[in-house]
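Architecture and fold: a report
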Amino acid sequence: MQHTTISDSCLRWLSLSLFEKRSPEFWLTWLTHNQLSVEEAFNLPRQALLDTGLTEPDCTAFKLDRKEVTQAVSWYSPPDSRVIIDIENANYPDSLRQLTSPPLVLYCEGNAALLRQRQIAIVGSRKATLQGVGLARDFAAELGSVGLTVTSGLALGIDGAAHKGACATPGNTLAVMGAGLLHIHPKSHAKLARQLVDNGGCLVSEFAPGVSPRPYHFPRRNRIIAALSDGVLVVEAKIKSGSMITANLAADAGKEVFAIPGNIKHPLTEGPHYLIQQGAKLTTCVADMLEELGIELADTCDEEAARQQGLAFESASGLLAHVDTEFTSVDDLAARSGLSVSQVMADMLEYELVGKVSAVPGGYVRVS
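Quantities reported herein were computed from a predicted structural model and do not represent experimental measurements.

**Overview of the sheet that holds strand β4 (residues 149-152)**
- Judged by pairing direction, the sheet is mixed, and its 9 strands sit side by side in the order β1-β2-β6-β5-β4-β3-β7-β8-β9 without closing on themselves. A single partner strand is all that each edge strand has here, and the edge strands are β1 (82-86) and β9 (281-282).
- Bridge count between β1 and strand β2 (residues 105-110): 5 bridges; the pairing is antiparallel. Across the sheet, I84 pairs through a bridge with Y107, a residue of β2.
- Docked against the sheet, helix α10 (residues 217-228) engages β3 (119-123), β4 and β5 (173-176), running at close to 150° with respect to β5.

**Re the confidence of the model for the protein chain**
- Counting all residues, the mean pLDDT for the protein chain is 89, and 92% of those residues have values of 70 or more.
- Ignoring residues within four places in sequence, the model shows residues 299-317, a span with pLDDT below 50, making 19 contacts including any to other chains.

**As for the pairing of strand β11 (residues 357-360)**
- Bridge analysis of β11 against strand β12 (residues 363-366) gives 4 bridges, and the strand direction is antiparallel. Note that in β12 the partner of A359 across the bridge is Y364.
- Between the end of β11 and the start of β12, which pair antiparallel, lie 2 residues, with G362 showing a positive phi angle near 85°.

**Examining α10**
- Between the first and last C-alpha of α10 there are 17 Å, a value that for 12 residues agrees with the 16 Å anticipated at 1.5 Å per step.
- Judged by how many residues are buried, α10 sits mostly within the fold: 10 of 12 residues are covered.
- Among all positions of α10, only H217, F218, R221, N222, R223, I224, I225, A226, A227 and L228 are buried.

**Quick look at the packing of helix α11 (residues 242-252) against helix α12 (residues 270-277)**
- At a closest axis distance of 10 Å, the pairing of α11 and α12 adopts a crossing angle of 20°. By the angle between their directions, the pair α11 and α12 is classed as roughly parallel. At the point where α11 passes α12, the crossing takes the right-handed sense. Contacts between α11 and α12 involve M244, A247 and N248 from the former and G271, Y274 and L275 from the latter.

**Some points on the pattern of salt bridges**
- Taken as a whole, this structure holds 13 salt bridges when the rule is applied.
- Between R66 and E68 there is a salt bridge, with the nearest N and O atoms lying 3.0 Å from each other.
- Relative accessible area serves as the criterion here: at 7%, R66 is assigned to the buried category.
- A relative accessible area of 33% places E68 in the partly exposed class.
- In this structure, the salt-bridge partner of E292 is K281, at a minimum N-O distance of 3.7 Å. Highlighted residues: E292 in helix α13 (residues 286-293) and K281 in strand β9, separated in sequence by 11 residues.
- E292 sits in the partly exposed class, given a relative accessible area of 34%.
- One continuous salt-bridge network, built from bridges that share partners, spans R82, E109, R194 and D198.

Rules and cut-offs
Residues numbered from 1 in each chain as written. Predicted model: local features only at pLDDT ≥ 70, side-chain atom pairs only at ≥ 80, totals over all residues. Heavy atoms only, no water. Pairing = 2+ DSSP bridges. Helix = DSSP H or I, 4+ residues; strand = E, 2+ residues; numbered from the N terminus. Contact = heavy atoms within 4.5 Å. Axes fitted to C-alpha atoms, helices over the stretch in contact; angles between N-to-C directions. pLDDT = per-residue confidence, 0-100. Expected span 1.5 Å × (residues − 1). Buried < 20%, exposed > 50% of the residue type's maximum accessible area, 1.4 Å probe, protein only. Parallel < 35°, antiparallel > 145°, perpendicular 65-115°, else oblique. Left-handed = near helix turned anticlockwise from the far one by under 90°. Salt bridge = Lys/Arg side-chain N within 4 Å of Asp/Glu carboxyl O.

This is the structure:
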């Protein structure tokens, strides 16, 4: 990954990937069927290519001097942390190779080593509530602090909050894009993308740097997020959403799916509640996730578990004392108590279960 010029092998995979009329699955199947390496394929004369069943337009994919190939190569700049990783490269994630149609190349800017680190995806609504944004940020910060890389899609709402929370933590964060890396989407996240790279994170895309975002790009991005991650945490999402697609892709691949519960009358909790009904792990704190993933908790987590166990029997002191009889928002509770939003949510769920508070949109009401 420290070459000053792109390798011949990578250049060939790059050329195939930029031929839009054929999918990665097509080229991989074609190479396997004809028992060809990518080097051997590019050394075949035109007629030999046609004899394998390729069409005349298909032969264009083997021309390395095409404009789009030259443009992609010009973006490549290892000293500036811009690299292109082809499917045969040792740094290409094994989990992506398991996809039916894996990206033939990945364009990366930043710390590309994160691709092979243990990852957790955090996804959710672009129009998230303040509570959801706070939860995503806090969960990401805690996951990153124990060395897990937080992966998301750099979208507004939950995605952006997750990247901000994990940025510069030991695990750091990886953003998978639905466009080329010269087209940060949304544009309002250009500063966040730069901050992410500057602080040890990584931007990743299977699309050439100059490719602008298109609606059909995002399901392709979601399959990469699901494949890279050991598990997917859904914070807030509608039933029909990209976040649910990502969660379902992860479940189909045997990955862990986590979902944060919420108000049953709020549309953005429909997705998490549905996932929980389908077997996703109901999640109120990072410890729930680490336990499911088989990650050993520190002694401090054991102390926290004991504190949680005694919470239901606590009197009206502590966090409960900050809840008003009319309405108190989650953000206000966090500010008053000094706890994180995720911890407030976990504690308030315990109070709700024993009937001391009632959850209402955006916060809680004291019952007794």
